[in-house]
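Notes for the structure review
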Amino acid sequence: MSMTTPNGPRWIPVATARDEAHIGQVVEVRGWVRTRRDSKGGFSFIEVNDGSCFGNLQIIADSELANYDSEIISLSVGSSIVASGTLQASEGKGQSTELIASSVRVLGDAPSEFPLQKKRHSFEKLREWAHLRPRTNSFGAITRVRNQLAYSVHQFFQDEGFYYVNTPIITASDCEGAGQMFRVTALPPDKLPLRDGKVDFSKDFFGKPTYLTVSGQLEAETYATSLGRCYTFGPTFRAENSNTSRHLAEFWMIEPEAAFFELSDNMALAERFIKRLLADTLGRCADDMDFFEARIQKGLLAALTTVLEKPFEHMTYTSAVDILQNSGESFEYPVQWGADLQAEHERFLTEKHIQGPLILYDYPKTIKPFYMRCNDDDKTVAAMDVLVPQVGEIIGGSQREERLEVLLERMRQMNLSEEEYWWYLDLRKFGTVPHSGFGLGFERVVQWVTGMTNIRDCIPFPRTPGSADF
Ligand code: 4AD
Ligand code: MG
């Protein structure tokens, strides 16, 4: 069955219908009822939303309509309808047009147990209805902003001459070496093949232990050291038991990798990238961003606009430790050279000390993965993290160790097996070049740009410890 009546009015998105350029036209809109109120004068005002923009379209249904008493007067929140009629100028607040309906067809009604009635629900409650929350204002706005960010990611890297490369999701190599990988196996849990009392993974699907990837970086390096510049944009998985507002077990990461880039080129790329994401979102999602400013975080727009106007600050890890130690703040975790910075330290630096994005670089090598390039001081590596207010670390990256001997020595110190990384080492044996890259946590950017307090609301279906519903 076709939804379109032959020679019937043109079906247009609500976003188009809200534009006063279309006043006087006979059109059709399709969407879901957000509210309905009835006037004493024999009219119903139906607000309909179809996801095409933040705003609704007001539909004015006259009691003369054939199904007024049987359907329209009892039309409930959440019902789906097709309405056609003439667009006219509206006096109403927040809208320049409204539709005078000549017909309102109900496709599916929504009984009163529809959970998203007009009352506001907490974000915690909405997580229990992750299948319906996209019908709320907040999740409509988050979804459109996330979509814009994804689009801008591709536009930015394409403009910069990077190729989009897909790296594997199932992998045998641990990139970050933090031991937080989810195992992938096809072995029957009740009949595990054993050898010397241990599970014999040579009998498993791939003939060896395999995992869900924590990062596509190592594979991306192979393409960067062949084609020059590439980037990945895919899901990554970490089995870290962190129940925080900034951690997911499944999250999306963008990982550019570029040959002949040194750390400073990498930092400059990261800054251009972040600024492009912000500028596009502020420019192209203005209504959604106004909502976040009004309802989620006061001052958000001004803060993001300031980021665009100023160069990012840069600071070595060593100076950051100095600043933290002399800050007079009482932190929960002690600050000492050689220890990883905690969220509270990062937030102090970016929110109080700098009040904007901050690139920290040259971290102690003992707290960073094997692939980072050793600095001449033999104590630090050419690592860089980008920290932003509210969220903390959104980017982690580095210049990679391109010197075979130095890399091998580092791997020996860290007890990593040369055999397992043979192909990674080949990149240094055959035509090695300096190269660099970073990983941007996609949901962390969504979180920063929208001002949302919890990362679980920045991805459609969050996966966190103890929770993989939907
Ligand atoms: O700093 P990370 O661990 O860096 C890497 O994985 C490198 N291999 C990237 C590279 O150089 N190509 O992770 C990169 C970013 C972090 O800065 C953070 O934004 C995000 O990924 N991230 C998470 N986001 C949500 N939930 C988690 N559990 C995350 N862990 C990291
Ligand atoms: Mg990191």
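Please refer to the structure placed before this passage.
Now for a look at the structure at hand.

Reading guide: rules and limits
- By convention here, each chain's residues receive numbers from 1 onward along its written sequence.
- Labels follow written order: the first chain is A, the first ligand is 1, and so on.
- Side-chain atom pairs in this predicted model are given and counted only at pLDDT of 80 or more, local residue features only at pLDDT of at least 70, and totals for whole chains, interfaces and linings cover all residues.
- The side-chain quantities take in all heavy atoms of the structure and omit both hydrogens and water.
- Note on terminology: near, applied to a residue and a molecule or strand, indicates that one of the residue's heavy atoms is within 4 Å of it.
- Between N or O atoms, a polar contact is any pair within 3.5 Å; within protein, one atom must be a potential hydrogen donor and the other a potential acceptor, and residues adjacent in sequence are included only when both atoms are from side chains.
- Note on areas: these come from Shrake-Rupley sampling with a 1.4 Å probe, and a residue is covered only by the protein chains present in the view.
- A run of H or I in DSSP counts as a helix once it spans at least four residues, and a run of E counts as a strand once it spans at least two, with each numbered from the N terminus.
- By the convention adopted, Pro, Cys, Tyr, Trp, Phe, Met, Ile, Leu, Val and Ala count as nonpolar, Lys, Arg, Asp and Glu as charged, and the other residues, Gly among them, as polar.
- Note on aromatic contacts: the rings of Phe and Tyr and the six-membered ring of Trp form a pair at centre separations within 6.5 Å, being stacked when their planes are under 30 degrees apart, edge-to-face when over 60 apart, and tilted otherwise.
- Buried residues are those whose accessible area, probed at 1.4 Å on protein chains only, stays under 20% of the maximum for their type, while exposed residues exceed 50% and partly exposed ones sit between those limits.
- Counting as a charge over the ring demands two things of the Lys NZ or Arg CZ atom: a distance within 6 Å of the ring centre and an angle within 35 degrees of the ring normal.

Below, the discussion takes up the site of ligand 1. As a matter of local geometry, ligand 1 sits amid 25 residues, with E176, Q217, R238, E255 and E393 nearest to it. Taking R238, its side chain carries an N or O atom lying 2.8 Å from an oxygen atom of ligand 1. Residue G441 places a main-chain N or O atom 3.3 Å away from an oxygen atom belonging to ligand 1. Coverage of ligand 1 by the protein chains reaches 94% of its 630 Å² of free accessible surface. Those elements that provide at least two residues to the shell around ligand 1 are β14 (250–259), β18 (392–399) and β19 (435–441). Considering each element in turn, the shell around ligand 1 owes the most residues, five residues, to β18. Considered class by class, the residues forming the shell around ligand 1 number nine nonpolar, eight polar and eight charged.

What the rule picks out here adds up to 22 aromatic pairs. Judged by centre distance (4.7 Å) and plane angle (50°), the ring pair of F157 and F273 falls under tilted. Of this pair, F157 sits in helix α3 (residues 137–159) while F273 sits in helix α5 (residues 263–284), and the two are 116 residues apart along the sequence. F157 sits in the buried class, given a relative accessible area of 0%. Accessibility expressed as a relative area gives 0% for F273, which makes it buried. Three or more aromatic residues link up through ring pairs in this structure, and these residues are F156, F157, F162, Y164, Y231, F261, F273 and F438. Positioned over the ring face of W337 is K379, at 5.8 Å from the centre of the ring.

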